[in-house]
Every structure is written in structure tokens, then in C-alpha cells.
Amino acid sequence: MIQELNDAQREAVEHDGGPLLVLAGAGSGKTRVLTARVAHLIEHRNVPPGRIMAVTFTNRAASEMRRRVTNILGCEPAGLWMGTFHSVSARLLRREAHRIGFTPQFTIYDEDDRLSLIRRLLKDGGYSPKAYRPAAIQYVVSQAKNRLVSPSELREQAEDDVQRVAAEIYDVMGRVLREANAMDFDDLLLHPLTLFRDYPDRLTRYQAHFQSVLVDEFQDTNRAQYLLVKQIAEKNRDICVVGDDDQSIYGWRGAEVRNMYDFQRDFSDAQLVRLEENYRSTSVILDTANEVISENMNRLGKTLFTSRVGGDLVVVTATADEGDEAEWVLSEIVENVTKRFCEYKDFAILYRTNAQSRPFEDVFRRNVIPYQVVGSVSFYARREIRDLVAYLRLVVNPADDQAFIRAVQSPRRGVGKTSLAFVGRMSVAWNRSFFSTASVADRMPELQPRARSVLLDFVRMIERLREESREASAATLLESIIEVTDYENYLAEEGLDGADRIENVRALLDGAAEWSEEEDPEDPSSPTERYLTAAALTTSADHAEGDPEGVTLMTAHMAKGLEWPVVFMTGMEDGLFPLSRSMETQEGGEEERRLAYVGITRAQDRLYLSWARARRRSGQLMPGMPSRFLDALPPGLIEERRTSSVFGDFAKAAASVPVGWDALSTVNDENESQDSPRYVRGERVRHRKFGSGQIVDVSGKGRHLKVVVSFDEDEVGPRTLLAAYAGLERDWESA
């Protein structure tokens, strides 16, 4: 294993203790170093696996790290604390929950649960969800938690009404979550810090327990995450953090790239190792990436190099609009598959926002091209899955009000919003959970007789399931829930859509049956509780919709850590990539540039960049300008192209003439480009959607040039089009 590493990698793996900062460039073998170091600690320094903590950010990365360590060692490293920050924190908190006012059976609220809770608290507080959007409140509260800002501090810092209301909701939410024996994602990181503050002996215990701490993707840690690993590692000081400041792209969710600088301050004796040899990309792609990121000011500094000298030029293409862009990407993929013998799974299409996947999905479906979309909707976010998981959560933790509210209404059983609201008011008045309040529904004459009966039946059903859960596995318990609620017949009433949902329910059962987790003798939770923890910590990034052998579609954020032979970075327009709001600050602009760098460095062999002259946003066709990041591309390493739809005048005669960025930019009225489309009455044109037709009127000029086209197809008829964005071509065949 050691012999396969380069000198810098070997230095990081064999570092014999003390703080270590590994500055790992894209494609430099970061995961190999981390897993090799874990194996080295176990095999050569005789550190028991149970005394090693290794944390990363995604379930995918944690699974890959564990798989590699197992392969190196030849056996499962029993007891190893390896996982995401959230899963490792949850494991610690299951042991210590009683010290901070919870039971080990606490529920983990995901983003949707927290949003529903905030919506309920806004309503209870008399605030309009329209005036104070729950998503905005959630964002402010989450950011405050990540920065370790208390509700009172947030109230003092509030600059507007939204922040003041958020501070109030934040304060109330803490109490409500505790009463529900529940934590949200941010709490999983905050509560260990509270534990260590209030119980110094527990901090001392964990400091003594963990001989070595390793942190992956360190540039993406927020303040709470950094303090957690810093406190645990302060005694033994055997801490290895691996990261790349050039790939810090999560500032919007609390990540602080300054943690990399603070680490060197807090551990002043830390050794710095740079991994600069890239094993992924050609030198053309790598030089392009280096040029783009070099314009950022705040960097620790490194320059990647590779032995893969040369390679295909980076293709930069101007397209007419998002539909034209999707058609162009399709044509390039088909050409690569037929001429270079690539497979569809060799291609990735990256974009800045999830909404940009639609035109690619449309064109792939029309042309029967296999594809998968990563990060669209998590499997566990689907309605039917959330219904059944709510039952599991309520069985395990009857204090979980959010689970009660969902489960009691699915399937519909005669408890309407009015009855449920009354139960909620009584639960507040009696200081009891919804479930506990519903158990005495016979003492509430204000409820309709049917509602009282249904609530009591529901409570009895959950109690029976609770008895069964003491011996049953998660899969067996799910089967019982589906049977006693007649849930599949409930879904079957929805027709074809219901049939798809039933398949998802069966997939849930299959997953629960296959699910397993290493036993932890100090973890008092049951297998079902541990299953719920795993389900709650599953994100949309862990789920892909479609054909795994097909083209991959995902945002640039989700692509970090992945690689493909061929990568298309699409939507490279100012205002979209980079996003307009991000460019309002230097920090935001530099993070957008780092995101572009991440996208570029996903490519192994070929890289395509594209931008659209016009794009529909919020239902309106908006003009597009090439991204400022394209200005940094080294001229000798790129091949500039345009689709024939960009300028109808040059579709035939000048298709191969190089066009600079200025010529391809949106035309203004005062200084029309020579490439501005020109049309005359009577000429024949072709539109990719409406077909062939004849121009019957022309008005305006520049970007406001309009043409009226009488199309040959009767059902299309005459259409008024903006020539700059219509993608019209000369119809030479019909002329």
C-alpha cells in the first residue's frame, strides 16, 4: 500500500502523530491518503479501530472510505467511528442523551420536518407564513446555529422584522423540540458542544478515548463542526485534517473556509503537506482550472500538475437558448458515443441550479437516451415514504408531535384539521404531547363523537405496534404498519400514480430488510431506532432518479468528489454562473469561482463549457451574457464554437469562423454587432419547433428586432418572434 503512494502522500500517511494539515488538490488522491492513514494507524501504530474518529460530509464518501479501509485491512474495522459529522454526533448523543434532557430514542427532524414545525410555530404565534416565509425563517435559524449564535444574540443582532421573528421562533423551537424528544440536523452538532460545556468530565472521557481524529473536506466545516473535533483532539493532538481551500463551496450553509487558517493558529505546531499531483485530468483541463482559480485572492496557494500531458482542447460553445443548448449537448454525446466508443455513463452534465435539468431531461426522453438525475428528490422525501416513516417514528417516540400529525392523517381516517387543531390547543394547555392528549380524547366533549372514537382507536393501534417493536426488526414493524393501516389499498385508490407509490413502499421494505449497522455495545438504541437515524440522515445527494448506466445530471455542488471522462458545464452565463446575488460581495464572488473550479476539475479527458444567448427565467425569456469566468480561460487551450441557431445569417457560410466573446455578447441598440441577425420580407426560415415558414414582416432593430413568420403548418400559423432569441435558420432547401 505504501509503495503505491507518491512522496507527499506517503508523508501524510506515515506522519507519526501531532497535528497535520493536508492541502489536497482536486484529483490528488485525497481519499486514498485518508483511508491509507486509517489503515496505517490500525496496522502499524496499533491504534484500536474503536479509538479512531474519521468524519466526512456525505454518506457516499463515508461509505467509500469504510469500504476502502476494509479492503486494505482484509476485514471490517470493528468499532471504528467513521461516518458523516451528523451520524457520528448522533452516535455520541444516543449514549449521552439523558444528560442534556433527551432520551436515547430521540427523533431526528430532517429539513421538511423542521419546515413543517416552523410553519406551525408561525401560525401559533400569529404570524402570516406569507409575510414571514418559513423557508426564510429556517435559513436564518440554521445560520445562527451554525455560527453558535443563541436566540437572544440573534434578537440583539436582528436588522429587520424577518430576523426578529426568526429569533423568536428559534427560541420557541428549542423548547418544542426538547418536549418532542427531537433534534434537527443543526442540533446534532450543537448538543455535543453543550454536553462538553456542562459536563467537562464527558469531554475528558472522549478526549482520552479517541487517540486519533481525522477530518475529510475540512474546508467545508462550519464553526460548530470545527469546535467539536478541535475539543476532542486537544488532549492527544493526533488530528489530521484534509481539505482544499480552492474547493470551499458551502459558505451559504455555514461553512467557513477560515477554519483552515484557524487550524494553523490553534495547532501552531501543525505540519503542512501539499498534495499537488493530479491523477484525474489532462494537462489541458488542469491548466484551464488553474487559470480560473488563480484570480481568487484568498488562497493558501498550490499549483496542480499532472503526468497526463496534452489532451483535447476545452470546447466553449455559444447557443441560442436552453433548448438549443440541450440539443447541442445531445449531439456531442451521440457523436462521442458513436465515434469514440464511449458509454452513456461516461458523461456528466453539470449546472448551477436544479431547475436547469428540465431541457436536458426533455431532449433525452424524446431521443430515448438513458440518464439519471442526482439530487432531485430524496427517496425518503416522497409522500408515501414519509407517511410510513412517521409511523415508525411515533412508535419509537410517542412524544414526536410532527410524526403524530402526519401519521394520524395518513390514511385519512376522519380526523380533520379542526379536530387536530383542537387536540393541539389542548396539548399546549395540558403540557402534553399530541399522542398523550389523544389518548384521553374521551374526556373532550368538544370533539365530534366520530373524531373521539378514531383518535382512541389510533392510539390503541400505536400502542400495539409499540409492544411489537420491542422484538421486531424495522422491516417487520413496517410490514405490520402497512397491514394494520391497509396502506397499500389506500395508495391503490390513486390509480397509476398509486401503483408507482406502492412500488416505492416495497422498495422501502426491501431496504429496511437489507439494512444493518455494526452493533455498538454502548449504544442503548434499538435496531429500529438506528434505522430511523440512518433514514433521517439520508439526503437527496444519496439518491439518483433514472438509469445508473445513463448520462448523469446534477448541480456542480453535488459533483464535488466525483469524476467522469467527459463533463459538460452548462449555463455559463453571468447572473446564473456566477449567480447575481453571490457577486454582491468579494467572498460570494470567490466562492462562485471555486465552484466553477470544482466543476472543471471533475473532467478526466474532455471538457465542454456552454452558455446561452437567451434563457427563460420565471417564464420570461432573458438575454444572456457569457460568464466572466470564461474570460480567464487560456486562449491556446480552448476551441470556440457556436451552434447554427445562434446567428441565422452565418448558419451556412460562417459556421467555422472563430467568434470572440464580444461578438457573441448580447447586441445593444447603440452599437450593433456585425453578427446581429438581419432578415427581409419574403425570405424562407426554419424554426426548430415550428418548422419552415416565410417572413411576412420585420420591425425593430438590434436585440429588439422582431419578425412575423407565417409557418407552413396550418396549426402553427403566423408567429411574432424576437429574432435574437428565436434560433431561426435560413431554410436553404425550400428557398
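The residue numbering used here restarts from 1 in each chain and proceeds along that chain's sequence as written. For this predicted model, a pLDDT threshold of at least 70 governs which residues receive local features, and a threshold of 80 or more governs which side-chain atom pairs are given and counted, while totals over whole chains, interfaces and linings are taken from all residues. In computing side-chain properties, one takes all heavy atoms of the structure into account and sets aside hydrogens as well as water.

Focus: the environment of Ser 294
In DSSP terms, a helix is any run of H or I states spanning at least four residues, a strand is any run of E spanning at least two, and both are numbered starting from the N terminus. Take Ser 294: it is sitting in the loop between helix 13 (283–293) and strand 9 (314–319). It is 9.6 Å that separates the C-alpha atoms of Ser 294 and Arg 593, two residues lying 299 residues apart in sequence. Under this definition, polar contacts are N or O atom pairs within 3.5 Å; protein pairs additionally need one hydrogen-donor-capable and one acceptor-capable atom, and for neighbouring residues in sequence, both atoms have to be side-chain atoms. A polar contact of 2.8 Å, which involves the side chain of Ser 294, links it to the backbone oxygen of Glu 291.

Topic: the pairing of strand 21 (residues 706–711)
The side-chain alternation of strand 21 yields one buried face, formed by Val 707, Val 709 and Phe 711, and one unburied face, formed by Lys 706, Val 708 and Ser 710. When DSSP finds two or more bridges between a pair of strands, those strands are recorded as paired. In this sheet, strand 21 lies alongside strand 20 (residues 691–699) in antiparallel orientation, the contact comprising six bridges. Bridge pairing links Ile 695 to Val 709 in strand 21. In this structure, strand 21 lies alongside strand 22 (residues 718–722), joined through five bridges in antiparallel fashion. Bridge pairing links Val 707 to Leu 721 in strand 22. The rule is simple: take the accessible area with a 1.4 Å probe, protein chains only, and divide by the maximum for that residue type; under 20% is buried, over 50% is exposed, in between is partly exposed.

Let's talk about the pairing of strand 9
Of all six residues making up strand 9, six are buried, and the element is well covered by its neighbours. Neither face of strand 9 is exposed, since Val 314, Val 316 and Ala 318 on one face and Val 315, Thr 317 and Thr 319 on the opposite face are all buried. As paired strands, strand 9 and strand 18 (residues 638–642) are joined by five bridges and run parallel to one another. In the strand pairing of strand 18, Val 315 is matched with Glu 639. Here strand 9 pairs with strand 15 (residues 603–612) via five bridges, running parallel. Paired with Val 315 across the bridge in strand 15 is Tyr 608.

Some remarks on the packing of aromatic side chains
Stacked, tilted and edge-to-face are the three classes assigned to paired rings of Phe, Tyr and Trp, where Trp is represented by its six-membered ring and a pair needs centres within 6.5 Å; plane angles under 30 degrees give stacked, over 60 edge-to-face, the rest tilted. Summed over all chains, the structure comprises 17 aromatic pairs. Taken together, a centroid distance of 5.8 Å and an interplanar angle of 70 degrees make the contact between Phe 218 and Phe 263 edge-to-face. With a gap of 45 residues between them, Phe 218 in the loop between strand 6 (212–215) and helix 11 (223–233) and Phe 263 in helix 12 (residues 259–266) connect regions that are remote in the sequence. Across this residue pair, the class does not change: Phe 218 and Phe 263 are buried. Ring centres of Phe 577 and Phe 629 lie 6.2 Å apart, and the angle between their planes is 80 degrees; this geometry places the pair in the edge-to-face category. Residue Phe 577 is located in the loop between strand 14 (564–569) and helix 25 (586–600), and its partner Phe 629 is located in the loop between strand 17 (620–623) and strand 18; the two are separated by 52 residues in the primary sequence.

Things to note about the sheet that holds strand 1 (residues 20–24)
Here we have six strands laid out as an open sheet, ordered 3-2-6-7-1-8, and parallel in their pairing. Either end of the sheet is taken by a strand with one partner, and the two such strands are strand 3 (81–84) and strand 8 (271–275). Taking the axes of each pair of neighbouring strands and ignoring which way they run, one obtains an average angle of 10 degrees across the sheet. Of the pairings in the sheet, the one linking strand 2 (residues 52–56) to strand 3 comprises four bridges and is parallel in character. In the strand pairing of strand 3, Ala 54 is matched with Met 82. Here an axis means a line fitted to C-alpha atoms, over the contact stretch when the element is a helix, while the angle between two N-to-C directions is reported on a 0 to 180 degree scale.

Side note on the packing of helix 16 (residues 383–396) against helix 21 (residues 474–485)
The contact between helix 16 and helix 21 brings their axes to 10 Å, and the two run at 110 degrees. Put simply, helix 16 runs roughly perpendicular to helix 21. For the pair helix 16 and helix 21, the crossing hand works out as right-handed. Two secondary-structure elements touch here, helix 16 through Leu 388, Tyr 391, Leu 392 and Val 395 and helix 21 through Leu 477, Leu 478, Ile 481, Ile 482 and Thr 485. Taken together, the residues of the contact of helix 16 with helix 21 break down into eight nonpolar, one polar and no charged. In this scheme, roughly parallel covers angles under 35 degrees and roughly antiparallel covers those over 145, while 65 to 115 is roughly perpendicular and the rest are oblique. Less than a right angle of anticlockwise turn of the near helix away from the far helix marks a crossing as left-handed, whereas a clockwise turn marks it as right-handed. In this analysis, two residues are considered to be in contact whenever any of their non-hydrogen atoms come within 4.5 Å of each other. Each residue is assigned to one of three groups, with Ala, Val, Leu, Ile, Met, Phe, Trp, Tyr, Cys and Pro labelled nonpolar, Asp, Glu, Lys and Arg labelled charged, and all others, Gly among them, labelled polar.

Considerations on the nonpolar core
Definition used in this section: a nonpolar core is a set of buried Ala, Val, Leu, Ile, Met, Phe, Trp, Tyr and Cys residues joined via side-chain atoms within 4.5 Å. Of all hydrophobic cores here, the largest spans 50 residues; its most connected members are Leu 388, Leu 394, Phe 404, Leu 455, Phe 458, Ile 462 and Leu 478. Top contributing element to this core by residue count: helix 16, with nine residues. Each residue touching Leu 455, except ones within four places of it in the same chain, is listed here: Phe 404, Val 408, Val 415, Val 423, Ala 438, Ala 441 and Leu 447.

Digging into the packing of helix 16 against helix 24 (residues 527–536)
Their axes nearest at 10 Å, the elements helix 16 and helix 24 cross at an angle of 135 degrees. Of the possible angle classes, the one that applies to helix 16 and helix 24 is oblique. Helix-helix and strand crossings are classified by hand; for helix 16 and helix 24 the assignment is left-handed. Note on element contacts: helix 24 touches helix 16 through Thr 528, Glu 529, Tyr 531 and Leu 532, opposite Val 389, Leu 392, Arg 393 and Val 396. Per-class residue counts for the contact of helix 16 with helix 24 are five nonpolar, one polar and two charged.

Quick look at the pattern of salt bridges
What counts as a salt bridge is simple: a side-chain nitrogen of Lys or Arg found within 4 Å of a carboxyl oxygen of Asp or Glu. A complete count under the given rule lists 61 salt bridges for this structure. The partner of Asp 184 in a salt bridge is Lys 145, and the shortest N-O contact between them spans 2.8 Å. On the criterion of sequence distance, the pair formed by Asp 184 in strand 5 (residues 182–184) and Lys 145 in helix 6 (residues 134–146) is long-range, its members being 39 residues apart. Of the charged contacts, one joins Arg 358 and Glu 322 as a salt bridge, the two residues approaching to 4.0 Å between their closest N and O atoms. Highlighted residues: Arg 358 in helix 15 (residues 357–366) and Glu 322 in helix 14 (residues 322–339), separated in sequence by 36 residues. Its relative accessible area of 43% is what places Arg 358 among the partly exposed residues. Among the residues examined, Glu 322 registers a relative accessible area of 5% and is labelled buried. In the salt-bridge network here, residues are joined through shared partners; they are Asp 110, Asp 112, Asp 113, Arg 386, Arg 393 and Asp 400.

With respect to the confidence of the model for the protein chain
Confidence of the predictor at the level of single residues is given by pLDDT, which spans 0 to 100. Looking at the protein chain, the pLDDT average stands at 85 and 90% of residues meet or exceed 70. Within the protein chain, helix 26 (residues 661–664) has the poorest average pLDDT of any element, 34, and strand 14 the best, 97. Across residues 648–676, confidence stays below pLDDT 50; counting only partners more than four residues off in sequence or on other chains, it has 61 contacts.

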